[in-house]
Structure formats: C-alpha cells, structure tokens
Amino acid sequence: MARDVQITVDCADPAALAAFWAEALGYRVQPPPEGFDSWDQALEAFGVPPERRNDAAAVVDQDGAGPRLFFQRVPEGKRVKNRVHLDVRAAPGLDGEARMAALEAEADRLVAHGAKRLARHEPRPPLEGGHIVMADPEGNEFCLD
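Conventions and cut-offs
Residues numbered from 1 in each chain as written. Predicted model: local features only at pLDDT ≥ 70, side-chain atom pairs only at ≥ 80, totals over all residues. Heavy atoms only, no water. Helix = DSSP H or I, 4+ residues; strand = E, 2+ residues; numbered from the N terminus. Contact = heavy atoms within 4.5 Å. Pairing = 2+ DSSP bridges. Axes fitted to C-alpha atoms, helices over the stretch in contact; angles between N-to-C directions. Parallel < 35°, antiparallel > 145°, perpendicular 65-115°, else oblique. Left-handed = near helix turned anticlockwise from the far one by under 90°. Nonpolar A, V, L, I, M, F, W, Y, C, P; charged D, E, K, R; others polar. 1 Å grid on protein atoms, 1.4 Å probe; cavity = no way out; pocket = protein on both sides within 12 Å on 5 of 7 lines; lining within 4 Å. Points joined across faces, edges and corners; volume = space filled by probe spheres on them. Polar contact = N/O pair within 3.5 Å; in protein donor to acceptor, adjacent residues only side chain to side chain. Phe/Tyr/Trp six-rings, centres within 6.5 Å; stacked < 30°, edge-to-face > 60°.

Quick look at the environment of Pro-137
Structurally, Pro-137 is set in the loop between strand 7 (131-135) and strand 8 (141-144). Pro-137 sits 26 residues away from Val-111 along the chain, and the two C-alpha atoms are 9.1 Å apart. Setting aside residues up to four positions removed in sequence, Pro-137 forms contacts with Leu-17, Phe-20, His-113 and Gly-114.

Considering the sheet that holds strand 4 (residues 68-73)
Within the open sheet, the 4 strands sit side by side as 1-4-3-2. Their pairing is mixed. Each edge of the open sheet is held by one strand with a lone partner, namely strand 1 (6-11) and strand 2 (27-29). Each adjacent strand pair in this sheet contributes to an overall mean axis angle of 20 degrees, direction not counted. Relative to strand 3 (residues 56-61), strand 2 runs antiparallel, the two sharing 3 bridges. Looking at strand 3, one finds that Tyr-27 is bridged to Asp-61. With respect to the sheet, helix 1 (residues 14-25) is in contact with strand 1, strand 2, strand 3 and strand 4, its orientation differing from that of strand 4 by roughly 160 degrees.

As for the packing of helix 1 against helix 3 (residues 96-111)
One way to put it is that helix 1 packs onto helix 3 with a least axis distance of 10 Å and a crossing angle of 155 degrees. In terms of orientation, helix 1 and helix 3 fall into the roughly antiparallel class. You can see that helix 1 and helix 3 cross each other, and the crossing is right-handed. Every residue of helix 3 that contacts helix 1 at Phe-20, Glu-23 and Ala-24 is listed here: Glu-106, Arg-109 and Leu-110. Its residues assigned to classes, the contact of helix 1 with helix 3 shows 3 nonpolar, no polar and 3 charged.

Considering the layout of surface pockets
Taken as a whole, the largest pocket holds about 510 Å³ of empty space. Taken together, 25 residues make up the lining of the largest pocket; nearest its centre are Thr-8, Val-9, Asp-10, Asn-82 and Asn-140. At the level of secondary structure, the elements contributing two or more residues to the lining of the largest pocket comprise strand 1 and strand 8. Per-element accounting of the lining of the largest pocket gives the leading share, 5 residues, to strand 1. In this structure, the second largest pocket encloses a volume near 330 Å³. In this structure, the second largest pocket is lined by 17 residues; those nearest its centre are Trp-39, Arg-53, Ala-56, Ala-57 and Ala-58.

Here we look at the environment of Gln-30
Position of Gln-30 among the secondary structure elements: in the loop between strand 2 and helix 2 (39-45). As for Gln-30 and Glu-97, which are separated by 67 residues in sequence, their C-alpha atoms are 36 Å apart. Beyond its immediate chain neighbours, meaning those up to four positions away, Gln-30 contacts Trp-39, Ala-58, Val-59, Val-60 and Arg-68. Separated by 2.7 Å, the side chains of Gln-30 and Arg-68 make a polar contact.

Regarding the packing of aromatic side chains
If you walk through the whole model with that rule in mind, you get 4 aromatic pairs. Through successive ring pairs, a cluster of aromatic residues spans Phe-20, Trp-21 and Phe-142.

As structure tokens, then:
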C-alpha cells in the first residue's frame, strides 16, 4: 500500500522558507483552516502567542499531487551538508545545451528569490544529463535537474 509523504525541513524562519519553496516548486502556502481569513487570525483564535506564530509553515501542491512540505523552527542552525535533498525537475525531456539553458534560467529565477548557486555539473552522456546544485535561503542544498 502506498503512503502519503510529507517532507519536513528544520529551519530558522518557517514562513520565509515556505514562501521560497512555494515559488520554487509552483506550490502555494497552505491556506488557513476554514472559517479564518489568515493564519494570524486562526493562530490568535487557537491561543498561540505572537512570538510562536512563525514556529511552523507548510506549502502544498496546487493540484494536490505532490507531497506537502512542512517547515518547523528549530533553535540550531544548519551545520553540515544535507544527507537528503530535493531534485527540482526544471528541464524534463530536454538534453544537452537546451537542458542546461533551461536549468540556468531556473537558477537565475531562484537566485532572484534568495537561493544561492553552488555548482554546475556538465552533462556526461549516456547516464548524466547535467544539473545545477543550489542552496535555499537557509543553506539547504537542492539540485535543479
């Protein structure tokens, strides 16, 4: 039996990282519960003090097909390379120069939203199509693939 998967990311600023990943993946920040116009309004009603209202945030696939990404505030900063990372499929079906051009365009777009470019890996046929290693605004590595 297949299971639903949620990807959880420890971070310092859940709202900011959720906004970045919503942009990167074409997701949307998860809307507040029904009956509330905003998360702040919902959290106020739930009795969450203002200093705790950015303890968590989530983004969801607009079509409901992809996994939910959940961002939770933790006290410690990122210290080492990720053992697990996301591959953002930014050039499906493309090869060679066309693939790398599409990846470069997406890298530029995400840098404008706070990402950092870390490395470019050229295509090495027949198995490696080429990819760009990036980091989100808090330094979590991901690949444009």
